[in-house]
Amino acid sequence: MAKWKRAVAGLALLLAASVSLFALMQGGERQPTASVGGPFQLVDSQKRVVTDRDFRGHDMLVYFGYTSCPDICPTTLASVIQALNQLGPRGDGIQPIFITIDPKRDTPAVIGRYVAAFSPRLIGLTGTAAQIRAVEAAYHVVVRPGVASPDGLEAIDHSAVLYLMGPDGAFLAPLSPQASPATLATDLARFIHAE
């Protein structure tokens, strides 16, 4: 019963975040009032400082999650990599980025091992609690502590949205993390810029 309640709460978070993001978009076109994304300063798995400006000239596909997430995060990241592979050269200009919502546990080393399991092109980012809170706020990510699992790891309920950002850093579209790789590839192809 507790598991079911947690699943419902998680779906409610996802729905709330998705509705608010889709409200910023109409007809797949960017709206000037949309304020999703923005400057950030985090660190990668090598402890190098990474900012949003490092990705200028490339589309970014940003996903927020945590490395001990039992289901949605790894499934979504696997779908992202499969979708980019399906796009072939058309997807070369898209940089997939995984930003942790659990900086206490997701150190640079931990996040580095995690993203490497999916693809060498996936960049994992972490930072201080304040840096992570700031980027969560900029992307309207909803996060709240969940319940502890039998192994003692605390789950984290969070909204799950793929954020497609343009080469200038502007928000292009929210994409469903539950889409199949084929559907995600089709959705990405509608927005990506020719290199």
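Since the structure is predicted, the reported quantities are computational estimates derived from the model, not experimental observations.

## Concerning helix H5 (residues 181–191)
Among the residues of H5, those classed as buried are Pro181, Leu184, Ala185, Leu188 and Phe191. Taken down its axis, H5 places every buried residue within 125° of arc, on the same side. Elements that come into contact with the buried residues of H5 comprise strand E3 (59–65), helix H2 (72–87), strand E4 (94–100), strand E8 (162–165) and strand E9 (171–175).

## A closer look at the pairing of E4
Across the seven residues of E4, seven count as buried, placing the element largely inside the fold. Side chains of E4 alternate between two faces, with Ile94, Pro96, Phe98 and Thr100 and Gln95, Ile97 and Ile99 buried alike. Crossover handedness for the path E3 to H2 to E4: right-handed. Looking at chain direction, E4 and strand E5 (residues 123–125) are connected through three bridges and run parallel. Within E5, the position partnered with phenylalanine 98 by the bridge is glycine 124. Of the crossover connections in this fold, the one passing from E4 over helix H3 (residues 108–116) to the parallel E5 is right-handed.

## Section: the packing of aromatic side chains
Applying the stated rule across the entire model yields five aromatic pairs. With a centroid separation of 5.4 Å and 40° between ring planes, the pair formed by phenylalanine 98 and tyrosine 114 is classed as tilted. On the criterion of sequence distance, the pair formed by phenylalanine 98 in strand E4 and tyrosine 114 in helix H3 is long-range, its members being 16 residues apart. Residue classification places phenylalanine 98 among the buried positions, given a relative accessible area of 0%. A centroid spacing of 5.2 Å and a plane angle of 70° characterise the contact between tyrosine 114 and phenylalanine 118, whose relative ring orientation is edge-to-face. Grouping aromatic residues by their ring pairs yields a cluster made of Phe64, Tyr139 and Tyr163.

Analysis parameters
- Each chain carries its own residue numbering, running from 1 in the direction its sequence is written.
- The predicted nature of this model means local features are confined to residues of pLDDT at least 70 and side-chain atom pairs, given and counted, to a pLDDT of 80 or more, with totals for whole chains, interfaces and linings taken over all residues.
- Heavy atoms throughout the structure, all of them, feed into the side-chain values; hydrogens and water do not.
- Burial classes follow relative accessibility: with a 1.4 Å probe on protein chains only, a residue under 20% of its type's maximum area counts as buried, one over 50% as exposed, and anything between as partly exposed.
- Helix and strand definitions here come from DSSP, where helices need a minimum of 4 consecutive H or I residues and strands a minimum of 2 consecutive E residues; each element is numbered from the N-terminal end.
- Read the arc as the range of directions from the helix axis to the C-beta atoms.
- Contacts: residue pairs with any heavy atoms within 4.5 Å of one another.
- Looking down the strands as they point away from you, a crossover is right-handed if its path from the first strand over the helix to the second goes clockwise.
- Any two strands with at least two DSSP bridges between them are considered paired.
- Here is the rule: rings of Phe, Tyr and Trp (six-membered ring for Trp) pair when centre to centre is within 6.5 Å. Planes less than 30 degrees apart are stacked, more than 60 are edge-to-face, and the remainder are tilted.

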